[in-house]
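Understanding the architecture of this molecule
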Amino acid sequence: MTTTEGPSGISSNEIQTNAPKINHPEDAKTGSVFRGLNSLLRSATGHDAQCFTSFDAFVHRCMYRRVDGAALGVARALFGLAMLIDIPEERAGGDLDLRWGEPRDCRFPLIHSMEPPPSLPKMGIIYGLMWAGALGIMLGYRFRTSAAIFTGTYWYIFLLDKSAWNNHSYLYGLLGTIFLFTDANRCWSIDALQTASEEQTVPFWNYFILKFQFFVLYFVAGLKKLCREWLSGYAMTNLSYHWVFFPFRALLGPKLTDLLIVHWFGCIFDTTVVFFLIYGPTRRVATLFASAFHLMNSRLFHIGMFPWVCLSQLPLYYSFSWPRSILFANNAQISLKNEHTQEESWERVGHPENKRKHNHHRRKWTMVTMLAYCSLQLFLPYSHFLTKGYNNWTNGLYGYSWDMMVHAWDTIMIGIRVVDRQNPERVHYVEPFAFTDNDRWTKHADMAVQFARCIERNIQQEAPKIWTTATGPSSIGVPAHPNVSIYFDIWCSMNGRFQQRIFNPNVDILQAPWSPFEPVEWVLPLLHQFSALRDTLIRRKTDEVLGWSNHSDVLFIADFPGLTLRNYVGEDLYNVSLTVLQGTVRYEASLDEDVPKSSEILHTGQSASLPAGTFHAIETIGGKPSCYMYTYVNRTKELEASRNGADAISNPPAMLPLGDELLHRWENFVRFLQHVGNSLLYELYGVPMPRRLKELFADG
């Protein structure tokens, strides 16, 4: 008898054979409705409704039915290829010496006691093992071992540094873990060629768990966008000026493109795309939209292989045998047996009953584990009520929450003040990027604590060099191991709000309490009372000031009562003014050390002119927070624009710099191989490993 195979791999003959028998008129009506629903579900998604009548049916009839492993094999190979490219790039394999070679650099492991290997060559070998594991995944060679090596080394490096976390880096670890437990090497692999096995089928759950993981990726990301911050267009401002949005910008204008296309469509796409991919009649249209979406993201953002990994997994929603239909147009089918038939044959050939029961028992526990994993993935993005210590202005650490690009940050000042506790006159200011190459720590209290302890460790090691017996309050002699306090004064804006402090600048971070399960008291709250001003005052004032000239600018500040902002007006600025928008402040100018400081009180709507090249202090007085703005013109930008204007017109940036990107990836790959080779030479023969040095920053 001829059978046909749907997208899920189940044949119409199997469904007809296992249809419920109808013996009574009442059952006939119920059976007719069931058959109608079953037919609708099968035609729409390729699944059989009988899979959900009981847990046994779910396990044996649905999740463990045998389906073609061809599509899974292609997905495995493409994922492995993407990781081969990702490791020298976003995993920093090409810059292994810069990222892991400096012992003074500060690390931000999830488990605070974790430490990287004691030497750079050992880290190079770990990276080499990770790359070899990815190669084994792609080729399907000793697949289980290769996947275990890749997954273990990947999670180790991932957990070593929270500051490098992204949603897609978390996704890669999850996908590697999922592939580890699948039979993705049954087809299109060296393992399959070596065993010469005719069995190229896999349990359906191998496909289900992968598709579920991408469902979580899209759908939860869409749910996270169902908030005012995203739907009001605050997160991704001015993205419409990128060339990929030119058709929309020409039709709608930049502001509507940002709101409707970037924000609203992005939310709708994430929440619905998987449902359209599952539903047969809309699958091809959804694939077209998803492909366009990820290709646009590959041009808009520096997110490495993430768009390509998502693209490579889209064919999972089609027939399990789609690669065969392309390669072997006249022979796209392979012989498949459903689980019901296999169980009958098992009993006929006389397998012991206890072995059959053990097999059923093992399958049920496998499904329980899989369902527990699925539940965990749905729970983690909303688990922040447990891990309160990681909550700041946003909930949780960036990565596992799938809140992709919902929050846009703008940090204008990072002040790190080190004070000798025995003599407060001894003060030292640390360059913010002296011991780390990113500012992710400035938004998370747990990383701020780790960074402060790292600074303390480095100061103790470098104390004779830093605290010398010279003049000035920042360089007075102290003991070799000073007992210090560290204060952070960090100003940042989230989603277009006023710039404000995120940590209490009067709290010694080394003494500050922190627990993963308790709220952090020294994190200052987001000033929500000023959020509504983004729609009115901030946008109106910004348009007004930017209209003065091409080089005028405005900076919006908010502060808490009793706190003081000490600021310096650069000499390249002119027409600098301070205007109070709400609240009351005390403005204190310091023109010269020999001239007494002048002080005045400014209320709402009042302004003051600020001379260039001088310090000043602004203290918020009264019982309410204040907000104010600086307006100024940048003389340096004027000169640069006049010098570079002609060059910018004659040499516009390339729209598709594919050649430069390929060259950059090749250079990263070559450096990566050199690092791994040098690591092996050091470990085997003691050959010194050369490494580059980071640019040294002068301490302030």
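Residues numbered from 1 in each chain as written. Predicted model: local features only at pLDDT ≥ 70, side-chain atom pairs only at ≥ 80, totals over all residues. Heavy atoms only, no water.

**With respect to the state of the cysteines**
- Counted according to the given criterion, the structure contains one disulfide.
- Residue pairing for Cys106: its cysteine sulfur links by disulfide to Cys454, the two sulfurs lying 2.0 Å apart. Its torsion about the S-S bond being -90°, the disulfide of Cys106 and Cys454 is classed as left-handed. Of this pair, Cys106 sits in the loop between α5 (96-100) and α6 (120-139) while Cys454 is found in helix α19 (residues 445-466), placing the two residues 348 residues apart along the sequence. Comparing Cys106 with Cys454 shows no difference in burial state: the two are buried.
- Looking at the unpaired Cys227, the closest cysteine sulfur is the one in Cys267, lying at 8.3 Å.
- Here Cys227 falls in the partly exposed class, since its relative accessible area comes to 24%. (Disulfide = S-S within 2.5 Å. Helix = DSSP H or I, 4+ residues; strand = E, 2+ residues; numbered from the N terminus. Buried < 20%, exposed > 50% of the residue type's maximum accessible area, 1.4 Å probe, protein only.)

**Looking at the packing of aromatic side chains**
- Scanning all chains against the criterion turns up 37 aromatic pairs.
- Plain terms: the ring middles of Phe215 and Phe275 are 5.8 Å apart, the flat faces sit at 85° to each other, and that makes the pair edge-to-face. Here Phe275 lies in helix α13 (residues 254-278) and Phe215 lies in helix α10 (residues 205-224), a separation of 60 residues in the sequence.
- For Phe215, a relative accessible area of 19% puts it in the buried group.
- With a relative accessible area of 43%, Phe275 lands in the partly exposed category.
- Members of the aromatic cluster, each reached through a chain of ring pairs, are Phe79, Phe150, Tyr154, Trp155, Phe158, Trp165, Tyr170, Phe179 and Trp402.
- Positioned over the ring face of Trp230 is Lys225, at 5.0 Å from the centre of the ring. (Phe/Tyr/Trp six-rings, centres within 6.5 Å; stacked < 30°, edge-to-face > 60°. Lys NZ or Arg CZ within 6 Å of the ring centre and 35° of its normal.)

**Some remarks on a nonpolar patch on the surface**
- On the surface, a nonpolar cluster with roughly 450 Å² of combined accessible area is contributed by Leu223, Leu226, Leu231, Trp264 and Tyr382.
- Counting through the fold element by element, Tyr382 comes out in the loop between α18 (353-379) and β3 (409-420). (Patch = residues over 30% accessible without salt bridge, like charges linked within 9 Å, V, L, I, M, F, W, Y side chains within 5 Å. Areas by Shrake-Rupley, 256 points an atom, 1.4 Å probe, with all protein chains shown as cover. Salt bridge = Lys/Arg side-chain N within 4 Å of Asp/Glu carboxyl O.)

**A word on the pairing of strand β9 (residues 573-582)**
- Among the 10 residues in β9, seven count as buried, and that is most of the element.
- As judged from the seven bridges shared by β9 and strand β14 (residues 626-634), these two strands associate in the antiparallel manner. Bridging across to β14, Val580 finds its partner in Tyr628.
- In this structure, β9 lies alongside strand β12 (residues 607-609), joined through three bridges in antiparallel fashion. Residue Thr579 lies in a different strand from β12, and its bridge partner there is Ser607. (Pairing = 2+ DSSP bridges.)

**A closer look at the pattern of salt bridges**
- Taken as a whole and judged by the stated rule, the model has 25 salt bridges.
- The shortest N-O distance in the salt bridge between Asp489 and Arg501 comes to 2.8 Å. Taken as a pair, Asp489 in strand β5 (residues 484-494) and Arg501 in strand β6 (residues 500-501) lie far apart in primary sequence, 12 residues in all.
- Asp489 sits in the buried class, given a relative accessible area of 19%.
- Overlapping salt bridges, with partners in common, bring together Asp95, Asp97, Arg671 and Arg692 in one network.

**Digging into the confidence of the model for the protein**
- Scored by pLDDT, the protein has a mean of 86; 84% of the residues are at 70 or more.
- Within the model, pLDDT remains below 50 along residues 468-480, and this stretch shows 24 contacts once partners closer than five positions in the same chain are excluded.
- With pLDDT under 50 throughout, residues 696-700 is counted as low confidence; its partners more than four residues away or in other chains account for nine contacts. (pLDDT = per-residue confidence, 0-100. Contact = heavy atoms within 4.5 Å.)

**Some words on the sheet that holds strand β10 (residues 584-590)**
- Taken in spatial order, the four strands line up as β8-β13-β10-β11 in an open sheet, and their pairing is antiparallel. The two strands at the open ends of the sheet, each matched to only one other strand, are β8 (564-569) and β11 (598-602). This sheet shows a mean twist of 20° between the axes of neighbouring strands, independent of strand direction.
- Two strands pair when backbone bridges link them, and β10 and strand β13 (residues 614-621) are joined in this way by seven bridges, in the antiparallel orientation. Paired with Glu588 across the bridge in β13 is Ala617. (Axes fitted to C-alpha atoms, helices over the stretch in contact; angles between N-to-C directions.)

**Describing the packing of α13 against helix α14 (residues 283-300)**
- Where α13 meets α14, the axes come as close as 9 Å, and the angle between the chain directions of the two elements is 140°. As judged from the angle between their axes, α13 and α14 are oblique. Read as a crossing pair, α13 and α14 show a hand that is left-handed. Here Phe265, Phe269, Asp270, Val273, Phe276, Leu277 and Ile278 of α13 lie close against α14, whose contacting residues are Arg283, Ala286, Thr287, Phe289, Ala290 and Phe293.
- Here the residues of the contact of α13 with α14 sort into 10 nonpolar, one polar and two charged. (Parallel < 35°, antiparallel > 145°, perpendicular 65-115°, else oblique. Left-handed = near helix turned anticlockwise from the far one by under 90°. Nonpolar A, V, L, I, M, F, W, Y, C, P; charged D, E, K, R; others polar.)

**A few points about the nonpolar core**
- By size, the foremost hydrophobic cluster in this structure holds 132 residues, and its most contacted members are Trp441, Ile455 and Phe488.
- Examining the composition of this core, we find that 12 residues originate from one element, α10, more than from any other.
- Apart from residues lying up to four places away in sequence, Trp441 is in contact with Phe108, Ile414, Ile416, Thr436, Met447, Ala448, Phe451, Phe488, Ile490 and Phe503. (Core = buried A, V, L, I, M, F, W, Y, C linked by side-chain atoms within 4.5 Å.)

**Notes on the environment of Gln200**
- By the element assignment, Gln200 lies in the loop between α9 (190-195) and β2 (201-203).
- It is 9.7 Å that separates the C-alpha atoms of Gln200 and Gly73, two residues lying 127 residues apart in sequence.
- A polar side-chain atom of Gln200 sits 2.5 Å from a polar atom in the side chain of Arg324. (Polar contact = N/O pair within 3.5 Å; in protein donor to acceptor, adjacent residues only side chain to side chain.)

**Notes on the environment of Gly280**
- With respect to the element layout, Gly280 can be found in the loop between α13 and α14.
- Along the backbone, Gly280 and Tyr317 are 37 residues apart, and their C-alpha atoms lie at a distance of 9.1 Å.

**A short note on the packing of helix α4 (residues 70-86) against α10**
- Packing of α4 against α10 brings their axes to within 10 Å, and their N-to-C directions diverge by 45°. By the angle between their axes, α4 is oblique relative to α10. Where α4 crosses over α10, the handedness of that crossing is left-handed. Residues Ala70, Ala71 and Leu72 of α4 pack against Asn206, Tyr207 and Leu210 of α10.
- Of the residues that constitute the contact of α4 with α10, the class distribution is five nonpolar, one polar and no charged.

**Here we look at the side chain of Ser401**
- Note that Ser401 resides in the loop between α18 and β3.
- Within the structure, the side chain of Ser401 is placed 3.3 Å from the side chain of His384, a separation counted as a polar contact.
- In contact with Ser401, other than residues within four places in its own chain, are Asn167, Val220, Lys224, Pro381, His384 and Asn395.

**Some thoughts on the pairing of β14**
- Most of β14 sits out of view: nine of its nine residues are buried.
- Across eight bridges, the pairing between strand β7 (residues 552-559) and β14 is antiparallel. When the bridges of β14 are listed, Leu555 appears paired with Tyr630.

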